[in-house]
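Survey of secondary and tertiary structure
Okay, here's what each chain looks like letter by letter:
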Amino acid sequence: MSDQPDRTINVADPRDAKAIDGPELRAPQGSAAQTNAVEPGLKPPATVLDAFGRLLANLRVSVTDRCNLRCQYCMPEEEYVWLPREEILNFEEIRTLVEIFSGLGVVKVRLTGGEPLLRRDLDQLVRMLAANPLLRDLALTTNGLLLAGYAKALREAGLHRLTVSLDTLRPDRFRALVRRDGLADVLKAVAAARDAGFSHIKLNAVVIRDFNDDELVGLIEYGRDAGVEVRFIEYMDVGGATRWSMSQVVSRAEMLQRIEGRFGAIQALRENGAAPADRFLLPDGTRFGIISSTTHPFCGSCDRGRLMPDGMWLLCLYADRGIDLKGMLRGRAPRGEIALAIADAWRGRRDKGAEQRKATNTRHALFRVEDLRQDPHREMHTRGG
Ligand code: SAM
């Protein structure tokens, strides 16, 4: 393995927008999971609780830090420092770590990025993970640009659920926000995903005051007509959101008030305590969700860790540093030893990052650009959102 340093890159350079091409191992033939249930007779996974009694049950796996969009709330800069390619986990390494996590109680895995569909042959990784009988839920979050071409293969490989990120239905705003065209491709991809057999597709929309907060109704109506459920996300002061300010945040309370003004009385739906979105029902039967991590953090029930593309494991989206699992894996540590390290770290977990941010008096962007350049692990596009 070389010690090649990170290089600062230019977003206009096509080499830097290209997929990461790692040598990937093939999935076993016919291994796609056809069921959500744990096989009869299978040893049930352990349960690991953190210092506040929160389960380790959920893992987000960021498969690449590269992205083909430059959303103003996530990647507003012209240049980025990327993780070195040789540090990126290959599919076999990801499978091994996910198996270790699932043995410790993780039942839900979400692939994310960067843009996960930039990772070549992602369907092969899906096939490998879908063969893990301990996983009840295998999902993917994508910006949708490349999804139309992959939806069928992902479905056949055993992916259970899809979330597509889309913040606006106006082509001019889309271009201004992400700095390229592509709205039509995303809308086409949502239809292609439904045709490929995905049901329960979710649409993530970050709401930013004076940018797209006049599209709450339009997005709900689009979701209703397209058969997808919209989830509005409060703008968060995460790494990468270097232009964040509290004045741009539209709170859950304000969103509900505006939506109610158009559709009538909203009913709150009861949900599983660890889910990030609060879900609501409109009088016409349409459902939608709100993720209000900025004004109503869900740290109290947060059951998720984040595996970054190079095997750093984060215990909280807001954590300053992660735990290097790739080092153990490539250092040939036995699985049991890695499992113990993970369990020990989780038992000591006291992170409540979003609550701490909320309690901050003068709240501003979490990291400065210089801090992000020094350590790209702090970027939202590396952490996986
Ligand atoms: N590229 C994929 C996508 O666009 O869905 C996956 C990665 S993206 C980082 C995951 C999610 O994080 C997206 O839904 C995105 O909108 C959200 N996100 C990024 N920055 C955010 C911010 N500052 N506040 C709230 N959500 C944010």
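See the structure shown above.
Each chain has its residues counted from 1, running along the sequence as written. Side-chain atom pairs in this predicted model are given and counted only at pLDDT of 80 or more, local residue features only at pLDDT of at least 70, and totals for whole chains, interfaces and linings cover all residues. Note that the side-chain values use all heavy atoms of the structure and ignore hydrogens as well as water.

1. So, the overall build of the protein
When its secondary structure is counted, the protein shows 13 helices and 14 strands. Buried means the residue's accessible area, taken with a 1.4 Å probe over protein chains only, is under 20% of the maximum for its type, while exposed means over 50%, and partly exposed covers the values in between. When the 385 residues of the protein are sorted by exposure, 56% land in the buried category. Only the protein chains shown count as covering a residue, and every accessible area follows the Shrake-Rupley method with a 1.4 Å probe. Working note: accessible area of the protein is about 16500 Å², and carbon and sulfur atoms make up 50% of it. Strands are runs of DSSP state E lasting at least 2 residues, helices are runs of H or I lasting at least 4, and numbering of each runs from the N terminus.

2. Quick look at the site of the ligand
Here a residue is considered near a molecule or strand provided that any single heavy atom belonging to it is located within 4 Å of it. Around the ligand, the surrounding shell holds 21 residues, and the nearest of these are Tyr73, Gly114, Glu115, Ser165 and Met236. A distance of 3.1 Å is found between an oxygen atom of the ligand and a side-chain nitrogen or oxygen belonging to Tyr73. Here a polar contact is taken to be a pair of N or O atoms separated by no more than 3.5 Å, where protein atoms must pair a possible hydrogen donor with a possible acceptor and residues adjacent in sequence count only if both atoms sit in side chains. In this structure, Gly114 approaches the ligand through a main-chain N or O atom, which is 2.8 Å from a nitrogen atom. For the ligand, whose unbound accessible area comes to 550 Å², protein coverage reaches 94%. Residue composition of the shell around the ligand, grouped by class: nine nonpolar, 10 polar and two charged. Under the scheme applied, nonpolar residues are Ala, Val, Leu, Ile, Met, Phe, Trp, Tyr, Cys and Pro; charged residues are Asp, Glu, Lys and Arg; polar residues are all the others, including Gly.

3. Observations concerning the pattern of salt bridges
One side-chain nitrogen of Lys or Arg within 4 Å of one carboxyl oxygen of Asp or Glu is enough to make a salt bridge. Enumeration according to the criterion identifies 29 salt bridges in this entry. Notably, a salt bridge pairs Asp225 with Arg224, separated by 3.5 Å at the nearest N-O pair. Residue Arg258 is joined to Glu254 by a salt bridge in which the shortest nitrogen-to-oxygen separation is 2.8 Å. Highlighted residues: Arg258 and Glu254, both in helix α8 (residues 252-263), separated by four residues, approximately one helical turn. Among the charged side chains, a salt-bridge network with shared partners connects Arg209, Asp213, Glu254 and Arg258.

4. Points about the nonpolar core
Ranked by internal contacts, the top residues of the largest apolar core, which has 108 residues, are Val109, Phe232, Phe288 and Trp313. Ignoring anything within four residues of it in the chain, the contact list for Phe232 reads Ala205, Val207, Leu216, Leu219, Ile220, Met255, Ile259, Phe288, Gly289, Ile290 and Ile291. Side-chain atoms within 4.5 Å link the members of a nonpolar core, which is a set of buried Ala, Val, Leu, Ile, Met, Phe, Trp, Tyr and Cys residues. The contact rule is simple, with two residues in contact once any of their heavy atoms fall within 4.5 Å.

5. Comments concerning the pairing of strand β7 (residues 202-207)
Side-chain direction in a regular strand flips from residue to residue, so the side chains alternate between the two faces of the sheet. With six of its six residues buried, β7 lies for the most part within the structure. Every second residue of β7 is oriented toward a common face, with Lys202, Asn204 and Val206 on one face and Leu203, Ala205 and Val207 on the other, all of them buried. In this analysis, strands are considered paired if DSSP registers two or more bridges between them. Here three bridges tie strand β6 (residues 161-165) to β7, and the two strands are oriented parallel to one another. Of the residues in β7, the one forming a bridge with Thr163 is Lys202. Bridge analysis of β7 against strand β8 (residues 229-234) gives six bridges, and the strand direction is parallel. For Leu203, the partnering residue across the bridge sits in β8 and is Val230. Here, the term right-handed applies to a crossover whose path from the first strand over the helix to the second runs clockwise when the strands point away from the viewer. Tracing the backbone out of β7, into helix α7 (residues 216-226) and back to the parallel element β8 gives a crossover that is right-handed.

6. Things to note about α7
Looking only at α7, the buried set comprises Leu216, Leu219, Ile220, Tyr222 and Gly223. Projected down its long axis, α7 carries its buried residues within an arc of 160°, all on one side. Check the buried side of α7 and you find it contacts α6 (183-195), β7, β8, α8 and β11 (287-291). Throughout, the arc means that of the directions going from the helix axis to the C-beta atoms.

7. Overview of the packing of aromatic side chains
Ring pairs shown here join Phe, Tyr and Trp side chains whose ring centres sit within 6.5 Å, with only the six-membered ring taken for Trp; geometry is labelled stacked below 30 degrees between planes, edge-to-face above 60, and tilted in between. Evaluated as defined, the whole model comprises seven aromatic pairs. Taken together, a centroid distance of 5.2 Å and an interplanar angle of 65° make the contact between Phe101 and Trp313 edge-to-face. Placement of Phe101 in helix α2 (residues 91-103) and of Trp313 in strand β13 (residues 312-314) is noted, with a sequence separation of 212 residues between them. Its relative accessible area of 0% is what places Phe101 among the buried residues. Here a set of aromatic residues connected by ring pairs shows up, and it is made of Tyr73, Tyr235 and Trp244.

8. Quick notes on the sheet that holds β8
With mixed pairing, 12 strands are arranged side by side in an open sheet as β9-β10-β11-β8-β7-β6-β5-β4-β2-β12-β13-β14. Either end of the sheet is taken by a strand with one partner, and the two such strands are β9 (267-268) and β14 (323-324). Here, axes are lines fitted to C-alpha atoms. For helices the fit covers the stretch in contact, and angles between N-to-C directions go from 0 to 180 degrees. Sheet contacts for α7: β7, β8 and β11; angle to β8, the most-contacted strand, approximately 150°.

9. So, unusual backbone geometry
Non-glycine residue Arg179 carries a positive phi angle of around 65°. With respect to the helices and strands, the residue Arg179 is situated in the loop between α5 (171-178) and α6. On the basis of relative accessibility, which here comes to 30%, the residue Arg179 falls in the partly exposed class. One non-glycine residue, Asp210, lies in positive phi territory at about 65°. Along the chain, Asp210 falls in the loop between β7 and α7. Judged by relative accessible area, which is 71%, Asp210 ranks as exposed.

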